[in-house]
Amino acid sequence: MTKDEVVYDVDAYRADFPVFSKDIRGKPVIYLDSGASAQKPQAVLDRMMAVYAGEYANVHRGAYWLSERSTTLYEEARETVRAFINAEKAEEVVFTMGATDAINLVAMTFGRGLLTAGDEVIITELEHHSNIVPWQMLRDDKGIVLKFAPITDAGELDMPAFDGLLTDKTKLVAMAHTSNVLGTILPVETVIEKAHAVGARVLLDGCQGIVHCPVDVQALDVDFYVFSSHKLYGPTGVGVLYAKYALLDAMPPFRGGGDMIASVTKEKSEWADPPAKFEAGTPPIVQAVGLGAAINYVTAIGMEAIAAHEHDLLLYATQRMASVPGLTIHGTATNKAAVISFTMESAHPHDMATILDRAGVCIRVGHHCAQPLMERLGVSATARASFGLYNTRADVDAFVKALEKVHAFFG
Amino acid sequence: MGRPHGERVTLSQNEKLTIDELVENFELFDDWEDRYRYIIDLGKKLPNLAEEEKTEANKIRGCMSQVWIIPEVHEGPPKTLSFRIDSDAHIVRGLAAVMLILFSGKTPEEILAIDADAKLKELDLDSHISPNRRNGVASMIQTIQNMAKISA
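Predicted model only: the values in this text are computed from it and were never measured.

What counts and what doesn't
- The numbering scheme is per chain: residues are counted from 1 as the chain's sequence reads.
- Chains and ligands are labelled sequentially in the order written, the chains with letters from A and the ligands with numbers from 1.
- Confidence filtering applies because this is a predicted model: local features only for residues at pLDDT of at least 70, side-chain atom pairs given and counted only at 80 or more, and all residues used for totals across whole chains, interfaces and linings.
- Heavy atoms throughout the structure, all of them, feed into the side-chain values; hydrogens and water do not.
- Within this document, salt bridges are pairs made up of a side-chain nitrogen of Lys or Arg and a carboxyl oxygen of Asp or Glu, the two lying within 4 Å of each other.
- Helix and strand assignments follow DSSP, with helices taken as H or I runs no shorter than four residues and strands as E runs no shorter than two, numbered in order from the N terminus.
- Exposure is judged per residue with a 1.4 Å probe applied to protein chains only, and the accessible area is read against the type maximum: over 50% gives exposed, under 20% gives buried, and values in between give partly exposed.
- The criterion for strand pairing is that DSSP finds at least two bridges linking the strands in question.
- Axis angles are defined between N-to-C directions and span 0 to 180 degrees, where every axis is a line fitted to C-alpha atoms and, for a helix, only to the segment in contact.
- For this analysis, residues touch if any pair of their heavy atoms sits within 4.5 Å.
- The term buried area refers to how much accessible surface (probe radius 1.4 Å) is lost by two components on association, counted for both of them together.
- Polar here means any residue outside two lists: the nonpolar Ala, Val, Leu, Ile, Met, Phe, Trp, Tyr, Cys and Pro, and the charged Asp, Glu, Lys and Arg; Gly therefore counts as polar.
- Roughly parallel here means an angle under 35 degrees, roughly antiparallel means over 145, roughly perpendicular means 65 to 115, and every remaining angle is called oblique.

Draft legend 1. Spatial organisation of the pattern of salt bridges. Residues and elements named next belong to chain A. Taken as a whole and assessed by the stated rule, the structure comprises 30 salt bridges over all chains. One salt bridge in this structure joins Asp395 and Arg14, with 3.2 Å as the shortest N-O distance. In this pair, Asp395 is assigned in helix H15 (residues 393-410) and Arg14 in helix H1 (residues 10-15), connecting sequence segments 381 residues apart. The exposure class assigned to Asp395 is buried, which follows from its relative accessible area of 3%. With a relative accessible area of 16%, Arg14 lands in the buried category.

Draft legend 2. Here's a closer look at the sheet that holds strand S4 (residues 93-96) of chain A. Residue and element names in this part refer to chain A. What the seven strands build is an open sheet, ordered S4-S10-S9-S8-S7-S5-S6; its pairing is mixed. Every interior strand has two partners, whereas the edge strands, S4 and strand S6 (145-149), have only one. Direction aside, neighbouring strands of the sheet carry axes that sit 20° apart on average. The pairing of S4 with strand S10 (residues 239-243) spans four bridges and is antiparallel. Of the residues in S10, the one forming a bridge with Thr96 is Gly239.

Draft legend 3. Spatial organisation of the interface of chain A and chain B. On the chain B side, the residues contacting the 15 residues of chain A number 16 residues. Contact between chain A and chain B buries roughly 1,500 Å² in total, counting both sides, with carbon and sulfur atoms accounting for 62%. Area buried by chain A at its contact with chain B is led by His350, Arg358 and Phe409 of chain A, which between them contribute 41% of it. Run the count over chain A and chain B and you get one salt bridge. With a shortest N-O distance of 2.4 Å, Glu33 of chain B and Lys405 of chain A are connected by a salt bridge. Only helix H13 (349-358) and H15 of chain A provide two or more residues apiece to the side of chain A that touches chain B. With six residues, the top contributor of residues to the side of chain A that touches chain B is H13 of chain A. Of the residues contributing to the side of chain A that touches chain B, the split by class is six nonpolar, five polar and four charged.

Draft legend 4. Layout of the packing of H13 of chain A against helix H3 (residues 90-103) of chain B. Closest axis-to-axis distance for the H13 of chain A/H3 of chain B pair is 6 Å, and the angle between their directions is 85°. Judged by the inter-axis angle, H13 of chain A sits roughly perpendicular to H3 of chain B. Only His90, Ile91 and Val92 of chain B of H3 of chain B make contact with H13 of chain A, whose side of the interface consists of His350, Asp351, Thr354 and Ile355 of chain A. Among the residues making up the contact of H13 of chain A with H3 of chain B, the classes are represented as three nonpolar, three polar and one charged.

Draft legend 5. The environment of Thr392 of chain A, seen in detail. Residue and element names in this part refer to chain A. Inspection of the secondary structure assignment puts Thr392 in the loop between strand S17 (382-386) and H15. The class for Thr392 is buried, based on a relative accessible area of 10%. When sequence neighbours within four positions are dropped, the list of residues in contact with Thr392 reads Val10, Arg14 and Leu313.

Draft legend 6. Fine view of the pairing of strand S9 (residues 224-228) of chain A. All names here are of chain A. When you tally the buried positions in S9, you get five out of five residues, the bulk of the element. Here S9 shows two buried faces, one formed by Phe224, Val226 and Ser228 and the other by Tyr225 and Phe227. Examined bridge by bridge, strand S8 (residues 201-205) and S9 share three bridges and lie parallel to one another. Within S9, the position partnered with Leu203 by the bridge is Phe224. The sheet contact formed by S9 and S10 spans five bridges and is antiparallel. Of the residues in S10, the one forming a bridge with Phe224 is Ala243.

Draft legend 7. Looking closely at the sheet that holds strand S13 (residues 327-330) of chain A. Residues and elements named next belong to chain A. Pairing in this open sheet of four strands is antiparallel, and the strands run S13-S14-S17-S16 from one edge to the other. Looking at which strands have only one partner, the edges of the open sheet turn out to be S13 and strand S16 (364-366). Neighbour-to-neighbour, the strand axes of this sheet turn through a mean angle of 30°, independent of strand direction. The pairing of S13 with strand S14 (residues 339-344) spans four bridges and is classified as antiparallel. For Thr328, the partnering residue across the bridge sits in S14 and is Thr343. Contacts between H15 and the sheet are confined to S13, S14 and S17, with S14 contributing the most and set at about 15° to the helix.

In structure tokens, the structure reads:
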């Protein structure tokens, strides 16, 4: 073995996640729903417990050791996020309640504050509802124009059609880095280049992007990048908005409250500088520290190594699933993350999930909060298997065996 | 004691199976597979709704699968309610058939007096009625009992 060859010790990583040492109905857990939320490694649980147990107080307030300590931990978590996405400075990292909250923040501040009626926002047909609804609300509120860039049958962005939508009126392009339903990795570098050429900003919904590959916001030159902690093996309740500092500086505040002000008099308030301007109230302190621990965990394994492992699982699962009679995979993009949507001729996704659940296999079924995409695909629902750093080929085998059982049941 | 599905326990379209008979039949099954096969068979015997009856108005919201329900009032006396239910998922159709066994052809008072949760528990199907399963069983029960309330 050369020194460049890294051994991906999936069994060791799997052992870091306590859920996999437990049985459900006497069967081991085959967890193929990391796209909805990832399981948590012991390191994250331990770190959060330790903060609550001995390093906890409110942040940015007290003049005593515990508060200074929790403030340090919270700000260290911000620095950990900064380094993880290679932002220029930690002040460009805003902690939010989640990715949905982060997109709403941008819609309510950048959108309401800096866009005017007639300005155009482009999203795509494959967006999660959290990257559709805030823009529809902004459209109805401010009179902006909302356009949907179409996708091809393979589930890729229809680039010529996107080019046709992009005009000098386009002020923002908001799209998924990676589709939560189809796994398509969008050509974000090209999109950013084209959008910047007409003076538009770009927001990437990185919920599925950040977990499957390394992200460098400076190399991308992206204006906004949002993601949630819980899909990245961290706790729920916290997410990240990255934005270029000049934008954060120009944007009006989101919520009013403590910690987001420089001064308050009866007449008026002065805003604090970013990121505090966007973090009103007591933030998700321990969750942010937990996210930091999760990032340290995945960084120690290496995002490249995780991406390579998941790619192997994607290819293996795609090949194995082809042998299941009547199964159709939706989304055949060339550039695809380890997320597989599928339907079966003989069974509704709900039927599949019920049988798979009995076999200990956890998958997501339904419209995946992407109803416009379901309409585009011409289905009311799909089943989705999504893979994480802890999944194995044995998981895929158990999954395919369960699908064969579904076929035997309903076929 | 396991046995191949379809044997001995059958349900023709006209046969009136009571919920207690269903519970008895269920007790003969050793494992979940046989129980599900039986439920699915019940669903297969359910008459389909016509396409034009599968309207938004007849649809139960918030389910992973699509479920439509149509009540019919029989003035009697005694006044009774019957229901026709359809779904695009096999297991949900089967669960709909169980709903019909539980509720259909009864008076509004009887329908409102039925403890559906307890009966489903006897069938070991109570995991299906948890609202977060979103398979429509909880909504079916609620819809049927609301319809009974209106007719009472």
